Every structure is written in C-alpha cells, then in structure tokens.
Amino acid sequence: MTRTRFAAAIALCAAGLAACTPTLRNHGYAYVNGETPVITPGQDTQSSLLSRLGNPSTVGVFEDDTWYYISTTRETLAYQLPQTRERRILAVEFDDAGMVTAVEEYGLDDGRRVNLVRRETPTRGRELTFLEQVLGNIGRLPAGSFTGEENLPGGAGGPRRDD
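Residues numbered from 1 in each chain as written. Predicted model: local features only at pLDDT ≥ 70, side-chain atom pairs only at ≥ 80, totals over all residues. Heavy atoms only, no water.

A.B. asks: Would you mind showing me how to read a negative patch on the surface here?
C.D. replies: On the surface, Glu63, Asp64, Asp65, Glu93, Asp95, Asp96 and Glu104 cluster together into a patch of negative charge. Looking at the element boundaries, glutamate 63 is found in the loop between β2 (58-59) and β3 (66-76). (Patch = residues over 30% accessible without salt bridge, like charges linked within 9 Å, V, L, I, M, F, W, Y side chains within 5 Å. Areas by Shrake-Rupley, 256 points an atom, 1.4 Å probe, with all protein chains shown as cover. Salt bridge = Lys/Arg side-chain N within 4 Å of Asp/Glu carboxyl O. Lys, Arg positive; Asp, Glu negative; His and termini not counted. Charge placed at Lys NZ, Arg CZ, Asp CG, Glu CD. Helix = DSSP H or I, 4+ residues; strand = E, 2+ residues; numbered from the N terminus.)

Written out as structure tokens, the structure is:
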C-alpha cells in the first residue's frame with residue numbers, strides 16, 4: 001500500500017513538472033541554422049531571392065518595392081499568455097528594375113508599442129439588461145392582431161390575399 005502511494009506521488013509530481021515545461025513555436029520565415037541569408041545589393045534581384053528564400057512573409061503596404069521576411073519564436077508556459085522571445089525581420093528594398101538596393105535587419109528591440117485609440121461612438125437610448133431583453137416582449141401583442149392586418153409569413157408586408 002505504501003509503495004502504491006509513493007508511486008502515485010512521484011507520478012503526480014512528474015506530471016506537475018511536465019506541465020511547467022515551456023512550449024516554443026516558430027512562425028514565419030525559417031532561417032537556416034539561425035544565420036541571416038547573404039543578400040548583396042546591386043547583384044541580387046527579385047527572381048534570385050524568390051529562388052533562394054521563397055516568397056516573402058509580406059510586402060510593403062504603400063510601396064511594392066520592399067519585401068519583408070519575418071521570423072518569430074513564441075514561448076507558452078502552462079496557462080499563461082504566449083510571450084514573444086525572438087523576432088527577426090529582414091527588409092529588402094528593390095529599385096524599379098527589381099535589383100536589390102538595401103537590406104536591413106530588425107530585431108525584437110527595434111519594435112515599438114502603439115497605443116490604439118479606444119473611443120466609442122455614443123448611441124441614444126439606454127442599455128437593456130439581460131432580463132429586460134429576455135422578458136421584454138412578454139405581454140405585448142403583435143401589431144394588428146385584432147384588426148386582421150397581420151403581415152404574411154416571411155415578412156412580406158404587402159396586402160393580404162384572400163385565395
């Protein structure tokens with residue numbers, strides 16, 4: 001009996017420790033052996049980058065002449081929100097002929113937080129509680145129920161046909 005309890009306690013502790021093991025997930029462009037690819041301005045073109053690196057993660061929003069290869073590593077621990085551990089962004093700029101003109105690499109430290117505006121448009125009236133919404137129509141009769149002018153099924157509001 002004592003051995004069974006001891007084995008159960010060890011199994012419980014092992015399960016608890018396994019739950020605390022972080023899970024790493026990689027997203028985006030996968031760097032080979034963690035090395036930045038060699039891109040030479042003036043020699044490489046869009047087609048040579050497509051053949052060596054593949055399609056970019058994204059293209060510039062306002063200009064089509066900038067390609068971005070983005071790689072992110074996120075760590076999740078138990079029930080907590082994921083944390084970004086590493087981010088690498090490789091920005092490649094091209095001229096009108098498709099030749100590489102500049103290459104920049106950005107990391108997690110180069111990022112900036114952007115505060116979003118949380119304004120709301122006010123509406124007239126008042127907010128109904130859950131019970132007011134559920135019980136609001138109890139005791140109300142449909143419009144025209146005593147005059148025989150109900151709408152047709154399906155919401156067709158035309159005159160009633162007597163066939």
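Next, the rest of the story.
A.B. asks: In this structure, what is going on with the pattern of salt bridges? I would like to understand it.
C.D. replies: Side chains bearing opposite charge may pair, as long as their charged atoms lie close to each other. Counting across every chain of the model gives 3 salt bridges. Where arginine 52 meets aspartate 44, a salt bridge forms, and the shortest distance between an N and an O atom there is 3.1 Å. A salt bridge links glutamate 75 to arginine 85; the nearest nitrogen and oxygen atoms lie 2.7 Å apart. Residue glutamate 75 is found in strand β3, and its partner arginine 85 is found in strand β4 (residues 83-94); the two are separated by 10 residues along the sequence. With relative accessibility at 47%, the residue arginine 85 sits in the partly exposed group. (Buried < 20%, exposed > 50% of the residue type's maximum accessible area, 1.4 Å probe, protein only.)

A.B. asks: Sorry if this is basic, but what is going on with the nonpolar core here?
C.D. replies: Proteins that are soluble and globular tend to have nonpolar side chains buried together. Judged by nonpolar contacts, Tyr29, Tyr31, Ile39, Leu49, Leu53, Trp67, Tyr69, Leu90, Val92, Phe94 and Val100 together constitute the single largest core of 11 residues. Going through the elements one at a time, α2 (46-53), β3 and β4 are the ones with two or more residues in this core. Of all the elements, β4 adds the most residues to this core, at 3 residues. Sequence-distant contacts of leucine 90, defined by excluding residues within four places in its chain, comprise Tyr31, Thr36, Pro37, Ile39, Trp67, Tyr68, Tyr69, Val103, Glu104 and Glu105. (Core = buried A, V, L, I, M, F, W, Y, C linked by side-chain atoms within 4.5 Å. Contact = heavy atoms within 4.5 Å.)

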